[in-house]
Amino acid sequence: MPGGGVVPVLTTNAGPVIKPKTKKQAIRAVLASSFMAMGGILFGYDTGTISGIIAMEKFKEDFGTYYPDNVPTNTSPIPQPGWSLSTGDTSLVVSILSAGTFVGALCGAPIADTLGRRWGLQVAMVVFCVGVILQLIAQALPLFIVGRVVAGLGVGIVSTIVPMFQAETAPRWARGAVTSGYQWAITIGLLFAALANNGTKDRTDTGSYRIPIGVQLGFALILSFGTMLLPESPRWFVKKGKIEQAAKSLATLNATDVDDACVQAELADIRTNLEVELTHGNGTYLDCFRNNDRKNLTRTLVGTWLQAWQQLTGINFIFYYGTQFFNSTGAGDPFIFTIVSNVVNVVCTVPGIWAMDRVGRRNILVWGAVWMAIMEGIVAIIGTVFGNSNPAAQRGLVALVCLYVGGFASTWGPAAWVVCGEIFPLAIRAKALSLCTASNWLWNFGIGYATPYLVDSGPGKAGLGPKVFWIWTATCALSAVFAYFCIVETKGLSLEEVDSLYCTTSPRLSAAANREMRARRSDLETVGAHMVSDEAAEADAAKRDVEYESKTVDA
Ligand code: BGC
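For the structure given in this document, a descriptive report is provided here. (Residues numbered from 1 in each chain as written. Predicted model: local features only at pLDDT ≥ 70, side-chain atom pairs only at ≥ 80, totals over all residues. Heavy atoms only, no water.)

1. Some details on the packing of aromatic side chains
Keep this limit in mind: Note on ring pairs: Phe, Tyr and Trp rings are taken, using the six-membered ring of Trp, and paired if centres are within 6.5 Å. Classes follow the plane angle, with under 30 degrees stacked, over 60 edge-to-face and the rest tilted. Starting at the N terminus, helices and strands are each numbered in turn, a helix being any DSSP run of H or I of at least four residues and a strand any DSSP run of E of at least two. The cut-offs for exposure are 20% and 50% of the maximum accessible area for each residue type, with area from a 1.4 Å probe on protein chains only; residues under the lower value are buried, those over the upper are exposed, and the others partly exposed.
A full pass over the atoms with the stated rule returns 21 aromatic pairs. Centroid distance Phe43 to Trp417: 6.2 Å. Interplanar angle 85 degrees. Geometry classified as edge-to-face. Of this pair, Phe43 sits in helix H2 (residues 38-53) while Trp417 sits in helix H18 (residues 412-422), and the two are 374 residues apart along the sequence. Note on accessibility: Phe43 and Trp417 belong to one class, buried. Ring centres 5.6 Å apart and planes at 85 degrees place the aromatic pair Tyr182 and Trp417 in the edge-to-face group.

Printed below as a string of C-alpha cells:
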C-alpha cells in the first residue's frame, strides 16, 4: 500500500480554472458529460432484464424443459409438473452476458484510444444491436446465448468508455457528481427492466420476453445519435497531438471561445500533465503493473480488487436471481418485490451521490460494508431458523433485503466507480480503468454462474437456499476490512492532488493528509485571490492612465 518517500508530483498550470460564468454555461457543461450516463441505463437494463425473463412462463416454455413430475425449483409442498430451465441453463443464460462484457471491457481501452471515445461508442452500439437482434430471432437456447455474449461485448465496451469519457469531459467542479450519475443511470436501467418485465410477464405470446429485450434497441439508438452531437474528448485530442481540435472541444463543452484564457490554461494543464506522466512510461498495459514510484501496481490492484469486492457483496444475487428468490419466499408477487427493490436502489443512490464529497469515499466504503454485513447476517439467521415455513419471517426477510440493497446503493454502488475513475494517472487511465471494469465483469460472471449451484437443491448442488446469505455476510465483512486497509481518502481533491496523495501517504493516514492538502490549497487560493485582485487593480490603474493620456493627446 502507498507508503512514504519523496516522489515527483505532477504540477498543474497555475492559470485560471474553467468555471461557468453563466447558468447556460454551467448547464451545457454538465449536460454534455451527463448525457453519457445514458450508457449506464443500457448497462443496468441489459443486466437487469434477464432476472424477470427467466421467470416468465412463455420463456421457460420456449427455451426450457418439461418436467412431468415436478418442476425442480417448485417450492410448493404438492409436486407440480411444468416447464423450467435447468440449473445449468439458468446459470449459463444469466452469466454468459458477463463473459462477453469482460472481453468487451478489455477491448474498450484500445478501441477508445484508437478511434476516439465517440466512435468507440458507435462500434459498441453496432455490436450491442447485433446481439439484441440475435436474441430477438432466437428460437432455441444456443442462439439466444450467442446473442447474450455479443450484446455483452457491446455493454462491456460501453462500461469502459462511458466513465472515461465522463471523467475527461466533465468540468472539474462537477466531476464527482457526474461520475456518480453513471451509477444512478445503472440503477434506473435496472428499474426500467423490472418495469418492462412486469408489464409484459402475463402475455402468453413471445412478446412477453421479446418486448423487454427489443426495448434496448431504442436505448442504443438514443445513445448513438446523442453521442455524435457531442464533441470528442479534449484529452483524447491532446493524446493524438491534435491541439487545435482539443481547444475547440474544450470551448464547445464549456460554451465559451477558443481564445478564452480558461480554455487555454486548461489545455496547457492537460498537455503538461501528459508530458510529465509519459516520462514515467508510455501508458501500456505493462505500465499498469509497474511497481514504480507512482505506485501504478498498487493502484491497479486496489482498483481491480475494489470492483471484485463490490461484486462479492452479493448484490447481483438480488438483481439477477431476485425474482426467483422472492418467488421462493412465497411472501407475495415476486415481480412487485423486484420493482420495490429496484426503486430502493434508485432512490438510495441519491444520498450516496450527495455523501460522496462530504462523508468521503473511505468512510462510505467501510461503513457501507459493515451495514450490508449486518443486514445480510440477519437475513441469514432468519433463513436458517425459519426456512420457507413462516410467512411473517418471509416478509421480514424481504424487508431486510431491501435495507441491504439501500445500503449498497448509497455506498459501494457509486463509490466503486468513483474511486476507480480518479485513482489512475492519465497516461494509464484508459487501460487501468478497463482492467477494473473487466474485474467487475469477471466476478460478476463467476458469482452469476455459481449462485444457482449454491442455492438450488439436487445432486451436485449445495442447496443453500436463503442460507446463501451467510456467504454474503462473510464477504461484506471482508469488504469492510479491504476498504479500511486499502482505500485512500480522495474526497474534494483535484485529480493531480489525488495522484500526489496516493504517492505520499498510507490509506489509514490518508484522511488527515487529505484534510491538510485541502487546507493548504485553500490558503494558497486566498493568497492567489489577493494577488489576482492586486494585479487587477494595477491593470485598472494602467488602463485609466492610458485613457487619460489619449484624452490629453486628443485635447
Ligand atoms: C454494479 C452492478 C450492479 C449495480 C446495481 C453496479 O455498480 O457494478 O453489478 O448490478 O451496481 O445497482
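Alright, that's what it looks like, and here's the rest.
2. Regarding the site of the ligand
Note the cut-off: The nearness test applies per residue and asks whether one of its heavy atoms lies within 4 Å of the molecule or strand. Whenever a nitrogen or oxygen atom comes within 3.5 Å of another N or O atom, the pair is scored as a polar contact, on the condition that within protein one atom can donate a hydrogen and the other can accept it, and that pairs from neighbouring residues in sequence are kept only if both atoms are in side chains. We get accessible surface area from the Shrake-Rupley algorithm with a probe of 1.4 Å; when it comes to residues, only the shown protein chains can shield them. Here a cavity means grid points, on a 1 Å grid over the protein atoms only, where a 1.4 Å probe fits yet cannot get out; a pocket means an open set of points with protein on both sides within 12 Å along at least five of seven lines; lining residues are those with an atom within 4 Å of a point. Any molecule with more than half of its atoms within 2 Å of a cavity's or pocket's grid points is counted as sitting in it.
Near the ligand lie 13 residues; those nearest to it are Gln183, Gln310, Gln311, Asn316 and Trp417. For the ligand, an oxygen atom lies 2.8 Å from a polar atom in the side chain of Gln310. A distance of 3.1 Å is found between an oxygen atom of the ligand and a side-chain nitrogen or oxygen belonging to Asn440. The fraction of the free accessible surface of the ligand (310 Å²) that becomes covered by protein chains is 100%. The site holding the ligand turns out to be the second largest cavity.

3. Comments concerning a nonpolar patch on the surface
Note the cut-off: Only residues above 30% relative accessible area that lack a salt bridge enter a patch, with like-charged residues linked at up to 9 Å and the nonpolar side chains Val, Leu, Ile, Met, Phe, Trp and Tyr linked at up to 5 Å. Only one rule defines a salt bridge in this text: a Lys or Arg side-chain nitrogen within 4 Å of an Asp or Glu carboxyl oxygen.
On the surface, a nonpolar cluster with roughly 320 Å² of combined accessible area is contributed by Ile133, Ile137, Leu143 and Val146. For the nonpolar patch, the secondary-structure elements that each account for two or more residues are helix H5 (117-137) and helix H6 (141-169). Examined against the element boundaries, Ile137 turns out to sit in helix H5.

4. Points about the pattern of salt bridges
All chains considered together, the criterion is met by 15 salt bridges. Taking the shortest distance from any N to any O, the salt bridge between Asp113 and Lys431 comes out at 3.4 Å. Here Asp113 is found in helix H4 (residues 87-115), whereas its partner Lys431 is found in helix H19 (residues 426-455), with 318 residues between them in sequence. Take Lys431: its relative accessible area is 16%, and that puts it in the buried class. A salt bridge links Glu266 to Arg235; its shortest N-O distance comes to 3.2 Å. Of this pair, Glu266 sits in helix H11 (residues 261-278) while Arg235 sits in helix H9 (residues 234-239), and the two are 31 residues apart along the sequence. Residue class for Arg235 comes out buried when judged on its relative accessible area of 17%.

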